[in-house]
Amino acid sequence: MRKTTDCVLYWKWILRLFCILVEISLLGCSEGQAFPAQPAQSQPQWPQQPQQQWSQQPQQPQQLQSPQPQWPQQQQPQQPQWPQQPTAFNPVGIWVAEIPTDYGPMYTQMILQPNGSYSYQVVWGNLMTYEVGLYEVGQGFIHFAVQDYEPKEYKGQPQSRPTSWTVFYTVVDANTMIWEDRVLGTRWTVYRQGQTL
């Protein structure tokens, strides 16, 4: 069930990204006014002046060589201003959390390496789990693909392999994120302990 949910979420993000790219492509290729938020006064001023000169004096090309045609170099049309993208958040580092539970605090440590590998350790009372694998950062989420784990056996009973999982994150500041596991319905805060190089 969890794999199916992860797969559905992945394809939803891919579909959403595809729709945004198509919309941007269509807006960029349309001949009409693609950005209605432009000030109305700047648009009529620059295109009408040369059209009037061409329509009124088509017989006199020598006037086109006069200094008047230099207006486009002096008065560039206003280009739409895209919103400034925030500096890309770098999740690489050691992230720790203390999560209160009904049975005492649970401590976690996530190490995100620059090469895309991770290790994750959870300590809860006298229990400890550990997993390693690869991670992928998307827009607002981190997906963890488990490759190995411990313990594989507990009190003589074999332990099942953990499934891959995804957290949706909100950046609070350079050293703090809020993680949310939407499958389990849990949220917790993680703090950067150090930068992994």
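**Q** Teacher, can you tell me more about the packing of aromatic side chains here?
**A** Where two aromatic rings form a pair, the distance of their centres and the angle of their planes describe that pair. In total, this model carries nine aromatic pairs according to the counting rule given. Pairing Tyr 120 with Trp 165 gives two aromatic rings, centres 5.2 Å apart and planes at 45°, and the pair type is tilted. With Tyr 120 in strand S3 (residues 117–124) and Trp 165 in strand S8 (residues 165–173), this residue pair connects regions lying 45 residues apart in the sequence. Across the pair, Trp 165 and Tyr 120 agree in class, each one buried. Ring pairing ties together the aromatic residues Tyr 118, Tyr 120, Phe 144, Trp 165, Trp 179 and Trp 188, which thus form one cluster. One Lys or Arg, Arg 182, reaches over the ring of Phe 168 and ends 3.8 Å from the middle of that ring.

**Q** When you look at unusual backbone geometry in this model, what are you seeing that I'm missing?
**A** Comment: phi is negative for the bulk of residues other than glycine, and the bulk of peptide bonds are trans. Look at the link from Glu 150 to Pro 151: it is a cis peptide, with omega at -5°. Following the sequence through the fold, Pro 151 ends up in the loop between strand S5 (141–150) and strand S6 (153–154). Non-glycine residue Lys 155 carries a positive phi angle of around 50°. Relative to the helices and strands, Lys 155 is located in the loop between S6 and strand S7 (157–158). The exposure class assigned to Lys 155 is exposed, which follows from its relative accessible area of 71%.

**Q** How should I be thinking about the pairing of strand S4 (residues 127–138) in this particular structure?
**A** Regular strands have side chains that alternate between both faces of the sheet. Of the strand pairs in this sheet, S3 and S4 are connected by eight bridges, and their pairing is antiparallel. From the neighbouring strand, Tyr 120 faces S4, where its bridge partner is Glu 131. Hairpin connection from S3 to S4: two residues lie between these consecutive antiparallel strands, with Gly 125 at a positive phi of about 65°. Here S4 runs beside S5; their pairing, made up of nine bridges, is antiparallel. Bridging across to S5, Glu 136 finds its partner in His 143. Where S4 hands over to S5, the hairpin turn is made up of two residues, of which Gly 140 adopts a positive phi near 90°.

**Q** Sorry, what's going on with a nonpolar patch on the surface here?
**A** Side chains of Tyr 103, Trp 124, Leu 127 and Tyr 154 sit close together on the surface and give an oily, nonpolar patch of about 440 Å² of accessible area. Along the chain, Trp 124 turns up in strand S3. Overall, Trp 124 belongs to the partly exposed group, its relative accessible area being 32%.

Thresholds applied
- Residue positions are counted from 1 within each chain, in the order its sequence is given.
- Local features in this predicted model are restricted to residues whose pLDDT is 70 or higher, and side-chain atom pairs enter the listing and the counts only when it is 80 or higher, whereas totals over whole chains, interfaces and linings include all residues.
- In computing side-chain properties, one takes all heavy atoms of the structure into account and sets aside hydrogens as well as water.
- Stacked, tilted and edge-to-face are the three classes applied to pairs of Phe, Tyr and Trp rings, where Trp contributes its six-membered ring and a pair requires centres within 6.5 Å; stacked means planes under 30 degrees apart, edge-to-face means over 60, and tilted covers the rest.
- Strands here are runs of E lasting at least two residues and helices are runs of H or I lasting at least four, both read from the DSSP assignment and numbered beginning at the N terminus.
- When a residue's accessible area, from a 1.4 Å probe over protein chains only, is under 20% of the maximum for its type it is buried; when over 50% it is exposed; and in between it is partly exposed.
- Definition used: whenever NZ (Lys) or CZ (Arg) falls within 6 Å of the ring centre and also within 35 degrees of the ring normal, the charge is taken to sit over that ring.
- A pair of strands is considered paired only if DSSP assigns at least 2 bridges between the two.
- The patch calculation keeps residues exceeding 30% relative accessible area without a salt bridge and links them within 9 Å when they carry like charges or within 5 Å when they are nonpolar (Val, Leu, Ile, Met, Phe, Trp, Tyr).
- The protein chains shown are the only cover counted for residues, whose accessible areas, like all others here, come from Shrake-Rupley with a 1.4 Å probe.
- Salt bridge, as applied in this entry: a Lys or Arg side-chain nitrogen positioned within 4 Å of an Asp or Glu carboxyl oxygen.

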